[in-house]
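Architecture at a glance
So you can see what is in the structure, the chains are spelled out below.
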Amino acid sequence: MEKQFIEEQKKKLIEQRDTILASLSIQSEDMKKLTGAGESGDEADVASDAIDRTLLDSIGAQDALRLTLINNALESIDRGTYGKCLMCGKDIPQARLEAIPYADLCIDCKAKEERRNR
């Protein structure tokens, strides 16, 4: 894989990581506001706050997972293994890495994993 391509991917990954960290920070502040307010008010307010907390938790979990994948991709760049499928060891196509820079499986192995997880 070309060194320039890997450097471009590294830059994308760092930008995505920074965006996620900023988003998680904002979500954390929002969660503090929701939980700090207590559950006073009418039933509609309490229900709305509960829904907001659940949504923030879900978004936070998705971001946390993506952050882990991004950090793993950055580590694989440092190790010199970026772009290799973790399951079969084949090269992950550049088009896939451009779309999902933190992809750690080739398309075939990802499809197998998704079928297994159904």
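Below, the discussion takes up the overall build of the protein chain. From N to C terminus, the protein chain includes 4 helices and 0 strands. Helices (α) and strands (β) of the protein chain occur, in sequence order from the N terminus, as α-α-α-α. Here the protein chain holds 118 residues, and the buried ones make up 26% of them. Once local pairs closer than 6 in sequence are excluded, the contacts in the protein chain between residues at least 24 apart make up 58%. Summed over its atoms, the accessible surface of the protein chain is roughly 8000 Å², and 52% of this surface lies on carbon and sulfur atoms.

Counting 18 residues, the largest nonpolar core has Leu13, Ile70, Ile77, Tyr82, Cys85 and Leu97 as its most contacted members. For this core, the secondary structure elements donating two or more residues are α1 (3-36) and α2 (43-79). For this core, the element with the most residues is α2, which contributes 5 residues. Ignoring any residue separated from it by four or fewer positions in sequence, one finds Ile70 in contact with Leu13, Gln16, Arg17, Ile20 and Tyr102.

Taken as a whole and judged by the stated rule, the model has 5 salt bridges. Here Asp78 makes a salt bridge to Lys10, at a shortest N to O gap of 3.9 Å. Pair noted here: Asp78 is in helix α2 and Lys10 is in helix α1, with a separation of 68 residues, a long-range link. Judged by relative accessible area, Asp78 falls into the exposed class, the value being 61%. Across the pair Lys84 and Asp91 runs a salt bridge whose closest N-O atoms are separated by 2.6 Å. Taking the relative accessible area as the measure of exposure, Lys84 reaches 41% and is therefore partly exposed. Using a relative accessible area of 51% as the deciding quantity, one classes Asp91 as exposed.

Once that is clear, we can look at a positive patch on the surface. Side chains of Lys90, Lys112, Arg115, Arg116 and Arg118 sit close together on the surface and give a patch of like positive charge. Within the fold, Arg118 resides in the segment after α4 (107-116). A residue is classified by how much of its surface remains accessible, and Arg118, at 80% relative accessible area, is exposed.

We now examine the state of the cysteines. By definition, a disulfide links two cysteine residues through a covalent bond between their sulfur atoms. Applying the stated criterion across every chain yields a total of 0 disulfides. Of all cysteine sulfurs, the one in Cys85 lies closest to Cys88, which takes part in no disulfide; the gap is 3.7 Å. With a relative accessible area of 38%, Cys88 lands in the partly exposed category. Looking at the unpaired Cys106, the closest cysteine sulfur is the one in Cys109, lying at 3.6 Å.

Attention now moves to the environment of Tyr102. Position of Tyr102 among the secondary structure elements: in the loop between α3 (94-99) and α4. When the C-alpha atoms of Tyr102 and Gln16 are compared, they prove to be 9.9 Å apart, with 86 residues separating the residues in sequence. Each residue touching Tyr102, except ones within four places of it in the same chain, is listed here: Leu13, Gln16, Arg66, Leu69, Ile70 and Ala73.

Calculation criteria
- Residues numbered from 1 in each chain as written.
- Predicted model: local features only at pLDDT ≥ 70, side-chain atom pairs only at ≥ 80, totals over all residues.
- Heavy atoms only, no water.
- Helix = DSSP H or I, 4+ residues; strand = E, 2+ residues; numbered from the N terminus.
- Buried < 20%, exposed > 50% of the residue type's maximum accessible area, 1.4 Å probe, protein only.
- Contact = heavy atoms within 4.5 Å.
- Areas by Shrake-Rupley, 256 points an atom, 1.4 Å probe, with all protein chains shown as cover.
- Core = buried A, V, L, I, M, F, W, Y, C linked by side-chain atoms within 4.5 Å.
- Salt bridge = Lys/Arg side-chain N within 4 Å of Asp/Glu carboxyl O.
- Patch = residues over 30% accessible without salt bridge, like charges linked within 9 Å, V, L, I, M, F, W, Y side chains within 5 Å.
- Lys, Arg positive; Asp, Glu negative; His and termini not counted.
- Charge placed at Lys NZ, Arg CZ, Asp CG, Glu CD.
- Disulfide = S-S within 2.5 Å.

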